[in-house]
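Per-entry structural report
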Amino acid sequence: RPYGSNTGNKICQFKLVFLGESAVGKSSLVLRFVKGPFHEFQENSADFLTQNFEIRDTAAPMYYRGAQAAIAVYDTTNEESFARAKNWVKELQRQACPDIVIALSGNKTDLANKRAVDFQEAQTVCILVSLEG
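Residues numbered from 1 in each chain as written. Predicted model: local features only at pLDDT ≥ 70, side-chain atom pairs only at ≥ 80, totals over all residues. Heavy atoms only, no water.

Let us look at the overall build of the protein. From N to C terminus, the protein includes four helices and six strands. Helices and strands appear in the protein in the N-to-C order β-β-β-α-β-α-β-α-β-α. Among the 133 residues that make up the protein, the fraction classed as buried is 29%. A separation of at least 24 residues holds for 71% of the contacts in the protein among residues at least 6 apart in sequence. About 8800 Å² of surface is accessible on the protein, with carbon and sulfur atoms providing 50% of the total. (Helix = DSSP H or I, 4+ residues; strand = E, 2+ residues; numbered from the N terminus. Buried < 20%, exposed > 50% of the residue type's maximum accessible area, 1.4 Å probe, protein only. Contact = heavy atoms within 4.5 Å. Areas by Shrake-Rupley, 256 points an atom, 1.4 Å probe, with all protein chains shown as cover.)

Let us now look at the pairing of strand S5 (residues 69-75). With five of seven residues buried, S5 lies mostly within the body of the structure. The sheet contact formed by strand S3 (residues 16-19) and S5 spans four bridges and is parallel. Note on S5: the bridge partner recorded for Leu16 is Ala69. Sheet analysis places S5 next to strand S6 (residues 101-107), joined by seven bridges and oriented parallel. Among the inter-strand pairings, Asp75 is bridged to a residue of S6, identified as Asn107. The handedness of the S5 to S6 crossover, carried by helix H3 (residues 79-95), is right-handed. (Pairing = 2+ DSSP bridges. Right-handed = clockwise from strand over helix to strand, strands pointing away.)

Dropping the structure here:
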């Protein structure tokens, strides 16, 4: 929602939520976006950034109510987190605003030797989701 008195320099505020299992790297993604460099051994949690981002491990409609965008995050080394991320997407499609923008993000791709979720499989899910939505 735009705010500020100068209509030529509108600042827009959007609600973006990150959803995913614990330890998939949601906080790392937010910290990387906001602060820049990636730190391999980052302490868990970007709680101090929750004024601008909402990071959730549990899907309750109150967390994503009014969100314009959501990122469902999974760990590419963990098939269970991928299955759960697909469920987050379905939940958002059912419960969130009809015009919400949903992204599916595979995290920890630097651990290629431990990869458990095939890139093509994830890409297929994204295509199917975009056709359904």
